[in-house]
2 protein chains.
Amino acid sequence: MPAPGPAVRAANLAAALRHVAACAEPPSRAGIAAATGFTRATASSLVDELVAAGLLAETAPLRRAGGGRPGTGLVLADRGAAGLGVEVNVDHVAACVVDLAGRVRHREVEGVDLRGVPPRRALARAARTARRAVAAAAGDGLEPSGAALALPGLVRGPSGPLQLAPNLGWRDVDVLELAGALEPFAGLALSAGNEADLAAVAELTERGPGASFLLVSGEVGIGAGVVVEGRLFRGAHGWAGELGHVSVDPAGPVCRCGARGCLERYAGQDALLASAGLVAPAGTSLGGVRTLDELVALAEAGDAGLLAGLDAAGHALGVAVSAALNLLDVPQVVLGGIYAPLSRWLAPGLCDELAVRLLAAPWAAPRVVASALGPEAAVVGAARTVVRSVVDDPAAWIARSTASSA
Amino acid sequence: MPAPGPAVRAANLAAALRHVAACAEPPSRAGIAAATGFTRATASSLVDELVAAGLLAETAPLRRAGGGRPGTGLVLADRGAAGLGVEVNVDHVAACVVDLAGRVRHREVEGVDLRGVPPRRALARAARTARRAVAAAAGDGLEPSGAALALPGLVRGPSGPLQLAPNLGWRDVDVLELAGALEPFAGLALSAGNEADLAAVAELTERGPGASFLLVSGEVGIGAGVVVEGRLFRGAHGWAGELGHVSVDPAGPVCRCGARGCLERYAGQDALLASAGLVAPAGTSLGGVRTLDELVALAEAGDAGLLAGLDAAGHALGVAVSAALNLLDVPQVVLGGIYAPLSRWLAPGLCDELAVRLLAAPWAAPRVVASALGPEAAVVGAARTVVRSVVDDPAAWIARSTASSA
């Protein structure tokens, strides 16, 4: 039999690697052969190549029920190829390195007010944070094979420009070109995406394949990621899910986008703080975990102003989320970003509005849950898109890494 | 070579029939073979079977560029298998028979106020209208192979119940069981769908494959069909697109659904008439073409009250459609139902709101156009889903029609 061509070999390598990634218990070479339909010899040869490339690792011999010779289990390598996610948001930057299995191995978050800061300077700041995460990961033998940027605005496709980030004041910025000139991004495969979309991708791992939900990401701005039957709904240009600019009251206060009465003016982080009578002191922000913890503590202590602010924000969210669910027909709302730890106080108002405004509520009562990942979701989702692309096409990764070490 | 199994034969019949359906000019047997990859002998045998079944017809010999023996052209039969669409809406019923090519061959519309009329009685009324369309079509040798019902509410899947039609006052109605007991539906394959979704399916034929748009269907209620890259977006249960219950003002007037400030209260047909100082006399309706024509004539004559009402409705539509486009990212709005002939007066207010409220407007200005089919779209779309299912699986249709004539 002739050796298969490179395209077939590439597809087979991907099938073997994806199978290992999907297994809850480390499979043996024989198990991979049985599950993928390859012969034992083909499966063994694919596994050998993936082990040699450092994408798979062998575990201690597996016990076998039949009592035969114990096989070696295979797992995704916890060293080598990794994914770097970087979030540039309005009041914080974050970076995260995940291994091939998508586990978070290092993460850095820094509160910093980027409103009005030019893109080049903001990206330099994010690159500094990313360098620290990459250096820490290098100590574990992890090396990013690419980086993905999570941004709070309209991003056109994975390689497209950022069209608009109203809260940063950015328009038509070629973020990938700017980032590509900076360490640690130089030389890496780079992509960009909307932060709520990437948070939804991360959340999908928690909700299970086939899940349908609206991930509402509360930050200074409010975004949403729409997932229907396990797939991110992107719309015609990749701009779907702009929940923050759905109108709550068309005669309401003017938003940074120029329209009146957008959800952000009622339930965005600044509106939430203001309606609670809280104002972040100049130069500080709520982006760091410390101050979000303080806000949660204040709510737990029963601060009347904050509780009233959270209730009002929950009702405003309910008006906009009802519009989204009437239009999109997804049965679950996941509260993400700063809303995750605040969901206990936001959910009642939100659920009240859904019960009245969602036409289908009597037949499929929507569930409202807190994100398992919270404000971390976007940067984790970004990092996971990088390792996902390695698992989906290991041959391309092997070719690149052979070329760069030659 | 052994004869192919029935599943392969069925797939091949469908491929041949779909190819003829997609051709602008009648293809020859040789042309079908070239386009589908079948041998000349296989293509000929498939065509012979489809001609014998009455699904394909032969045209006069085709002229050939090369000067060889002229071939016979093949077209979808304009007699025999047909699709019956039936619309039960709030103030009218309609029925339509299309031939295999989807051309409208007979159509009946009757204005009738069905608010509060029990489903059994309303369906009996629609069946009477459908019988007239079927009888007229029989005169052309057309016989429906199935019927599809277009309904103004939440329909669960093509065979599911109608969960809710707020303007009819119907809840949890098994419309297919009720309809199946009535002539001309008895014995036919029956399905049901949301009227705006079916209107969007019909509109897709006009907009071309791969189009992305929001079809806004204005009737007593307001629905929407979401089409992204040529595919109807249905959501998790088939309930997507409930634009009429998107909030325009959360403190606004109470809607029939129980919520406050729904779009229907500002731009539905009743609201439109009322805001123009017009009230339909008791027992009459706007559903018939005659009275819609009168409304258009009144607008053309510059009636100040009506023009103000249309302008207000356009702005209200703009608020809700902006929410939809911010969430769905589709670049085109098609005004359907009674909005189609009124689009000239609705579009300015709608476009003003989109320009301010749609975050992505500066990068992809949305187009607002009138539906080519107008109020006819839903019933035509319903009828076309029936013939589409014949073209997609002619073997099943042949088996059924052989069994019923045996």
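Within an unreviewed UniProt entry, the label attached to chain A reads ROK family protein, and the organism entered is Vallicoccus soli. Recorded under Sequence similarities (unreviewed entry), the UniProt text for chain A is reproduced unchanged: "Belongs to the ROK (NagC/XylR) family."

(A) Structural view of the overall build of chain A. The number of helices and strands found in chain A is 13 helices and 15 strands. Along the longest, intermediate and shortest principal axes, the C-alpha atoms of chain A span 75 × 50 × 40 Å. Across the 406 residues that make up chain A, the buried fraction comes to 54%. Surface summary for chain A: the accessible area is close to 15900 Å², and the carbon and sulfur share equals 54%. If you average the places of the 33 positive and of the 38 negative side-chain charges in chain A, the two averages end up 5 Å apart.

(B) Structural context of the sheet that holds strand 9 (residues 170-173) of chain A. Residue and element names in this part refer to chain A. Strand order in the open sheet formed by three strands is 7-8-9, and the pairing between neighbours is antiparallel. Here the strands that pair on one side only, and so sit at the sheet edges, are strand 7 (154-155) and strand 9. Examined bridge by bridge, strand 8 (residues 162-165) and strand 9 share three bridges and lie antiparallel to one another. The residue of strand 9 that forms the bridge with Leu-162 is Val-173.

(C) Local environment of the interface of chain B and chain A. On the chain A side, the residues contacting the 45 residues of chain B number 46 residues. Together chain B and chain A conceal approximately 4000 Å² of surface at their shared face, both sides included; 68% is due to carbon and sulfur atoms. Contact with chain A buries surface across chain B, with Leu-327, Leu-359 and Trp-363 of chain B losing the most and accounting together for 22% of the total. Between the two partners, chain B and chain A, sit zero salt bridges. Between the two partners, chain B and chain A, sit 24 residue pairs in polar contact (both at pLDDT 80 or more). Looking at the side of chain B that touches chain A, the elements with two or more residues in it are strand 8 (162-165), strand 9 (170-173), helix 10 (304-328) and helix 11 (339-357) of chain B. Among the elements that take part in the side of chain B that touches chain A, helix 10 of chain B stands out by supplying six residues, more than any other. Looking at the side of chain B that touches chain A, its residues break down into 26 nonpolar, ten polar and nine charged.

(D) Molecular detail of the packing of aromatic side chains. Applying the stated criterion across every chain, the model contains one aromatic pair over all chains. Ring centres of Phe-233 of chain A and Phe-233 of chain B lie 4.7 Å apart, and the angle between their planes is 50°; this geometry places the pair in the tilted category. With Phe-233 of chain A in strand 13 (residues 231-233) and Phe-233 of chain B in strand 13 (residues 231-233), this pair bridges two chains. On the basis of relative accessible area, Phe-233 of chain A is assigned to the buried category, the value being 10%.

(E) Molecular detail of the side chain of Ser-247 of chain B. Counting through the fold element by element, Ser-247 of chain B comes out in the loop between strand 13 and helix 7 (264-267). Ignoring anything within four residues of it in the chain, the contact list for Ser-247 of chain B reads Val-319 and Arg-357 of chain A together with Arg-260, Gly-261 and Cys-262 of chain B.

(F) A look at the relation of the copies chain B and chain A. When chain B is fitted to chain A, the residual RMSD is 0.1 Å, and the transformation amounts to a turn of 180° plus an axial shift of 0.0 Å. Here the two chains are linked by the operation of a two-fold rotation axis. When each C-alpha of chain B is compared by its distance to the rotation axis, Asp-249 of chain B comes out closest, at 2.7 Å. The residues that chain B uses at the interface reappear at the interface of chain A in 100% of cases, marking a shared surface.

(G) Molecular detail of the environment of Ala-304 of chain B. Mapping Ala-304 of chain B onto the fold places it in helix 10. Taking the C-alpha atoms as reference points, Ala-304 of chain B and Gly-277 of chain B, separated by 27 residues in sequence, lie 9.9 Å from one another.

(H) Fine view of the sheet that holds strand 12 (residues 222-228) of chain B. All names here are of chain B. Strand order across the open sheet formed by five strands is 13-12-11-14-15, with mixed pairing between neighbours. Sheet topology places strand 13 and strand 15 (367-370) at the edges, where each strand pairs with a single neighbour. Ignoring strand direction, the axes of neighbouring strands in this sheet form an average angle of 30°. As paired strands, strand 14 (residues 332-337) and strand 15 are joined by four bridges and run parallel to one another.

(I) Fine view of the pattern of salt bridges. For the coordinates displayed, the defined rule picks out 34 salt bridges over all chains. Of the charged contacts, one joins Glu-203 of chain B and Arg-207 of chain B as a salt bridge, the two residues approaching to 3.0 Å between their closest N and O atoms. One end of the pair is Glu-203 of chain B and the other is Arg-207 of chain B, both in helix 6 (residues 195-207) and four residues apart, which spans about a single turn. Judged by its relative accessible area of 26%, Arg-207 of chain B falls in the partly exposed class. Salt bridges linked by common partners bring Asp-99, Arg-103, Arg-105 and Asp-140 of chain A together as one network.

(J) Here's a closer look at the nonpolar core. Core analysis: the biggest nonpolar cluster contains 88 residues, and Leu-214, Val-216 and Leu-243 of chain A together with Leu-214, Val-216 and Leu-243 of chain B have the highest contact counts within it. Discounting chain neighbours no more than four positions away, the residues touching Leu-214 of chain A are Ala-224, Gly-225, Val-226, Val-321, Ala-324, Leu-325, Leu-328, Val-330, Gln-332, Val-333 and Val-334 of chain A. Counting 46 residues, the second largest nonpolar core, distinct from the first, contains Ala-148, Ala-150, Leu-215 and Ala-377 of chain B.

Criteria and cut-off values
- Residues numbered from 1 in each chain as written.
- Chains lettered and ligands numbered in written order.
- Predicted model: local features only at pLDDT ≥ 70, side-chain atom pairs only at ≥ 80, totals over all residues.
- Heavy atoms only, no water.
- UniProt positions renumbered as here; feature names shortened; annotations may be inferred.
- Helix = DSSP H or I, 4+ residues; strand = E, 2+ residues; numbered from the N terminus.
- Buried < 20%, exposed > 50% of the residue type's maximum accessible area, 1.4 Å probe, protein only.
- Areas by Shrake-Rupley, 256 points an atom, 1.4 Å probe, with all protein chains shown as cover.
- Lys, Arg positive; Asp, Glu negative; His and termini not counted.
- Charge placed at Lys NZ, Arg CZ, Asp CG, Glu CD.
- Pairing = 2+ DSSP bridges.
- Contact = heavy atoms within 4.5 Å.
- Buried area = accessible area lost by both parts, 1.4 Å probe.
- Salt bridge = Lys/Arg side-chain N within 4 Å of Asp/Glu carboxyl O.
- Polar contact = N/O pair within 3.5 Å; in protein donor to acceptor, adjacent residues only side chain to side chain.
- Nonpolar A, V, L, I, M, F, W, Y, C, P; charged D, E, K, R; others polar.
- Phe/Tyr/Trp six-rings, centres within 6.5 Å; stacked < 30°, edge-to-face > 60°.
- Least-squares fit on C-alpha atoms with pLDDT ≥ 70 in both.
- Axes fitted to C-alpha atoms, helices over the stretch in contact; angles between N-to-C directions.
- Core = buried A, V, L, I, M, F, W, Y, C linked by side-chain atoms within 4.5 Å.

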